[in-house]
Amino acid sequence: MPETKTKKNEDFNEWYNEIVELADLCDKRYPIKGMNIWRPYGWKLMNNVDGLIRCEMGKTNHQEVYFPLLIPESFFKKEEEHIEGFGSEVYWITHAGTNELEERWLLRPTSETAMYPIFSLWIRSHSDLPLKIFQIVNTFRYETKQTRAFIRVREIHFFEAHTCHKDFDDAERQIEEDKAIADRFLRRLCLPYIFSKRPDWDKFAGAYYTISIDILMPSGRTLQIGSIHQYRENFSKSYEISYETEEGAHAYCHQTTYGMSERLLGAIIGVHGDNKGLVIPPEVAPIQVVIIPIIFKGKEQSVMEACNVLHDKLKDENIRSRVDAREITPGNKYYDWELKGVPLRVEIGPRDLEKNEIVIVRRDTSEKRPIPKKGAEKTIKGELDKIAVTLFNNADNLLNENIHRVLTVDEAKNKKGIIELPWCGKEGCALEVEDILEGNTLGEPIENVECGHTCPICNKPAKTWMRFARMY
RNA sequence: GGGCCUGUAGGGUAGCUUGGCAUCCUUGUGGCUUCGGGAGCCAUAGACUUGAGUUCAAAUCUCAGCAGGCCCA
């Protein structure tokens, strides 16, 4: 059995580096740090993920827009906290041709400051609210740390939804909707997740509060794949986004944003992959079923014909399939498609056709079995659903086995994954825990869970549980 | 932010200590025989990260840049 050179459970990071290029997702040889090339297979996968987002946005009445990549410095500077948060990691454009620009432009690190001055023009009346828009674009952040494909990059493929509401409560309802979207969407990617309310000292620059969406990588480190922000009036006051109420008064909008990035791919690779390569959740797999003809001299035609017939039937069922008719041996093809994470493989050879059967092989379990040729498309559809369930359950077990709720730092020390400790509410105590555990403060659970214990650092009564983890 | 390591065909490598001819595997291309877990044979193509320095001579030594990787903060 050929496997990746580095084993996933021995050196996860190295395994990850190996697999992103082997599986043709990206090419890291572009000579700018943190800017990788999306190869066709990886880009298709990303597009399929984006497709699911668009589908969810459609269901919840968000409209897609596109704002320019460049932001004038004057727009950016209107919100102070935001600049402080992003100032050190923006790319500036200072020249055009041979001329120095009168006003500098920046590449969007995120689009608040591009959109909000325009929102103030768009929104005049309560009837213009709520405003719910989104875009899927590239954003730029000057990372100085170690970069990693899909996880820490400088050009980020990014989904961002921005909403404006008449009051705080309506914005809160938006956040409930966002949470429901995350739940449906991540289920389709077979990715179990947790919501955490980020600590005040580490929330998004300019936010009233931030909810992070994190998944657990098999290395025991968490990966933040998305965030939901409640801005309250923080931005609308700076950007003059106000409206006239039904009573004729003027009020500032309450705003939220929702962001997810290509890190979703990082999560899919890390959570589902194995030593044979990727395992892609069926919903987003560029190829869901690959059909391998087993050719013998003199029987090529009947075998190829059977492959093409199945391919057409699968197409009728809206299943993305491909017949691999390359002039290489079947074993070669098996390895290739396993590496690329195709969820289900079909083998069709002369022996099968004599028995009116075909052979299917699951990528996740390697289970191989013959099924009747007649009605195979239905069986295959059912099998893809089963694969999705297995992928989700395995990932869910991994997550649940690695969340540890404990009362003392000593108990926490030897645990891998996500630690939940009682917390008094003081930043200093959390930072001390970070030091001891060599991790970061992830945030508190968003459900109101009673914590009738004491803070392990200062022994004062705990206000809540607080999560700690090593993060990507 | 600090420290350490690395860079040789598309991919993986040998050579570097002690300066002088660049090794092997794989991939690519053309052809023939094959095909139920990486088939075989023949032909053919392809590389020393960039710049400066030392030297008769640099893949090899020195410095700097760029890029990649690891560890710490």
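Higher on the page you've got the structure.
As a convention, each chain's residues are numbered from 1 in the sequence order in which they are written. The lettering of chains begins at A and the numbering of ligands begins at 1, in the order of writing. Only residues with pLDDT of 70 or above have their local features reported here, since the model is predicted, and side-chain atom pairs are shown and tallied only from 80 upward, although totals for entire chains, interfaces and linings are computed over all residues. Processing note: side-chain calculations cover all non-hydrogen atoms of the structure and skip hydrogens and water entirely.

(A) Quick peek at the overall build of chain A. Helix and strand definitions here come from DSSP, where helices need a minimum of 4 consecutive H or I residues and strands a minimum of 2 consecutive E residues; each element is numbered from the N-terminal end. A count of helices and strands for chain A gives 14 helices and 23 strands. Relative to its length of 472 residues, chain A is compact, with a C-alpha radius of gyration of 25 Å against a globular reference of 23 Å. For chain A, the spread of C-alpha atoms along the principal axes amounts to about 80 × 55 × 50 Å. Sequence-distant contacts in chain A: of pairs separated by 6 or more residues, those separated by 24 or more amount to 68%. Roughly 21,900 Å² of accessible area belongs to chain A as shown, and the carbon and sulfur atoms make up 47% of that amount. By the counting scheme adopted, Arg and Lys are positive, Glu and Asp are negative, and His together with the chain ends is not counted. Every charge is mapped onto a representative atom, which is NZ of Lys, CZ of Arg, CG of Asp or CD of Glu. Charge separation in chain A, taken as the distance between the mean sites of 65 positive and 75 negative side-chain charges, equals 6 Å. When we talk radius of gyration, it's over C-alpha atoms, and the globule rule is simply 2.2 Å times the number of residues to the 0.38. By definition in these notes, contact holds between two residues if any of their heavy atoms fall within 4.5 Å. Throughout, the Shrake-Rupley method with a 1.4 Å probe supplies accessible areas, and for residues the shown protein chains are the sole cover considered.

(B) Representation of the protein's contact with RNA strand B within the structure. As a matter of local geometry, RNA strand B sits amid 33 residues, with R29, Q146, T329, Y335 and D352 nearest to it. Near-protein atoms of RNA strand B (within 4 Å) split between backbone and bases, with sugar and phosphate holding 49%. At 2.9 Å, a backbone N or O of I295 approaches a sugar or linking oxygen of RNA strand B. Contributions of two or more residues to the surface near RNA strand B are made by α1 (12-22), α10 (330-339), β17 (344-348) and α11 (350-354). For the surface near RNA strand B, the element with the most residues is α10, which contributes 6 residues. The classification used treats Ala, Val, Leu, Ile, Met, Phe, Trp, Tyr, Cys and Pro as nonpolar, Asp, Glu, Lys and Arg as charged, and all other residues, Gly among them, as polar. Of the residues assigned to the surface near RNA strand B, the class counts are 11 nonpolar, 10 polar and 12 charged. Whether a residue is near a molecule or strand is decided by its heavy atoms; if any one of them lies within 4 Å of it, the residue is near. Residues adjacent in sequence count toward polar contacts only when both atoms are side-chain atoms; beyond that, a polar contact is any pair of N or O atoms within 3.5 Å, and within protein one must be able to donate a hydrogen and the other to accept it.

(C) Representation of the pattern of salt bridges in the model. Throughout this description, the term salt bridge denotes a Lys or Arg side-chain nitrogen within 4 Å of a carboxyl oxygen of Asp or Glu. For the coordinates displayed, the defined rule picks out 34 salt bridges. When the shortest N-O distance is used, the salt bridge between E347 and K368 registers 3.6 Å. With E347 in strand β17 and K368 in strand β19 (residues 368-372), this pair connects stretches of sequence that are 21 residues apart. Given the relative accessible area of 8%, E347 is considered buried. The network of salt bridges with common partners includes D24, R39, D324, R326, D336 and K340. Relative accessible area decides the class of each residue, using a 1.4 Å probe on protein chains only: under 20% of the type maximum gives buried, over 50% gives exposed, and in between gives partly exposed.

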